[in-house]
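A structural walkthrough
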Amino acid sequence: MPHRDAAAWPWLRARVAAMRAKQDDARRGSAATRPDAVVRTAVVTDSASALPADWSADLTGDGRLTIIPMPVMVGEEIYGEGEDDISETIALALASGTSVKTSRPSPGQFEQAYLAAQRRGYEAVVSVHISGGLSGTADAARLAAARVGIPVEVVDSATVGMALGMAVQASVRTAAEGAEAGTVAAAAADQAARTKVYFYVPSLEQLRRGGRIGAAASLWGTMLAIKPILAVDDGRIVPLEKVRSAAKAVARLEEIVAADAAARPDGVRLAVHHFGNPAEAQSLAARLEAALPQCPPAQISSLPAVLAAHAGLGVLAVIVGSGSGAGEGSA
């Protein structure tokens, strides 16, 4: 009997140790599902980021991500992107020549978002926004950051659309790993710097009216039926090439994107934006998929209203980002 008991105790101790280890793992797994246990930094952005709704829904629900609506004025009416369904309203206004203008969100909107993150238990906020060369949104965020007690790092992405969205996705992913605010902000800035925006617009008039391009550059769209291909460079819209027809402009846009994507050794993500011309966007995306078999299919989405207000109807924009973007979702 003593010999049998001596043999049984090590077995029992091992069994108890295994049970305790399993309980510890369960507790750690439960803690990992609580944002305040793993994610110390909340992310705030604006609706110019063009983030897919199915990707952002869960994140906005638990406060890890907040998207501030950008105001758009159609005639005398003011709408908030993300709060109102305004795409059709803007399309009709642009087609009829009705005034369409945009503005930055108020500092108060950012202040409320930062305080809400603080109440949820986050230690810091990283606020990632549309290029300061195109909007005063980042300035409004900085004003709000100075008013709150929670530390806020504001990142001027120097870009727009899903190029900004990819930077936001990088910051959210880094925050989910438990990184501190400085690391989260650096991830956003790095992704934005490695992402390019190329686009074609049938007319430069809306961009000229909104002050996004100079009067001299707008002459491209009126002289000799020239169709410009544009890019976002250093936070501003710049002319890239002049093409003689719309068909040739779209074909050249495709060539520029394919060349950029093929030159990236660390994987590529593509997004295609349109406004009022989804069939053209789908056709362009299909051709890019055929030309770049190593690249995942492009995410296709309507341009955010705050950007469509300046680009106008018929715009085609392609965002080329580094990284495979696995798990980022699509629109």
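**Focus: the sheet that holds strand β12 (residues 299–302)**
- Across the sheet, six strands lie side by side as β10-β9-β8-β13-β11-β12; this open sheet has mixed pairing. Of all the strands in the sheet, the pair left with one neighbour each is β10 (236–243) and β12. With strand direction ignored, the average angle separating the axes of adjacent strands in the sheet is 20 degrees.
- With four bridges joining them, strand β8 (residues 195–200) and strand β9 (residues 227–233) adopt antiparallel strand pairing.

**Concerning the confidence of the model for the protein**
- On average, residues of the protein carry a pLDDT of 82, and 78% of them reach 70 or more.
- Segment residues 1–37 is flagged for pLDDT under 50; beyond a separation of four residues in sequence, or across chains, it makes seven contacts in the model.

**Details of the environment of Ser-157**
- The topology assignment puts Ser-157 in the loop between β7 (152–156) and α7 (161–176).
- Polar contacts involving the side chain of Ser-157 include one to the main-chain carbonyl oxygen of His-129, which spans 2.7 Å.

**What about the sheet that holds strand β5 (residues 100–102)?**
- Sheet architecture is open: three strands sit in the order β4-β3-β5, paired in antiparallel fashion. The two strands at the open ends of the sheet, each matched to only one other strand, are β4 (77–80) and β5. Looking at each pair of strands side by side, their axes are set apart by 25 degrees on average, direction ignored.
- Alignment of strand β3 (residues 71–74) against β5, held across three bridges, turns out to be antiparallel.

What counts and how
Each chain has its residues counted from 1, running along the sequence as written. Only residues with pLDDT of 70 or above have their local features reported here, since the model is predicted, and side-chain atom pairs are shown and tallied only from 80 upward, although totals for entire chains, interfaces and linings are computed over all residues. Side-chain measures here rest on the full set of heavy atoms in the structure, leaving out hydrogens and waters. When DSSP finds two or more bridges between a pair of strands, those strands are recorded as paired. Per the convention used, a helix needs a DSSP run of H or I reaching at least four residues, while a strand needs a run of E reaching at least two, with both numbered from the N terminus. An axis is simply a line fitted to the C-alpha atoms; with a helix, the fit covers only the stretch in contact. Between two such axes, the angle follows the N-to-C directions and lies from 0 to 180 degrees. Each residue carries a pLDDT score, the predictor's confidence in it, ranging from 0 to 100. Whether two residues touch is decided by their heavy atoms; if any such pair falls within 4.5 Å, the residues are in contact. Any pair of nitrogen or oxygen atoms within 3.5 Å is treated as a polar contact; in protein, a donor-acceptor pairing is required on top of that, and neighbouring residues in sequence qualify only through side-chain atoms on both sides.

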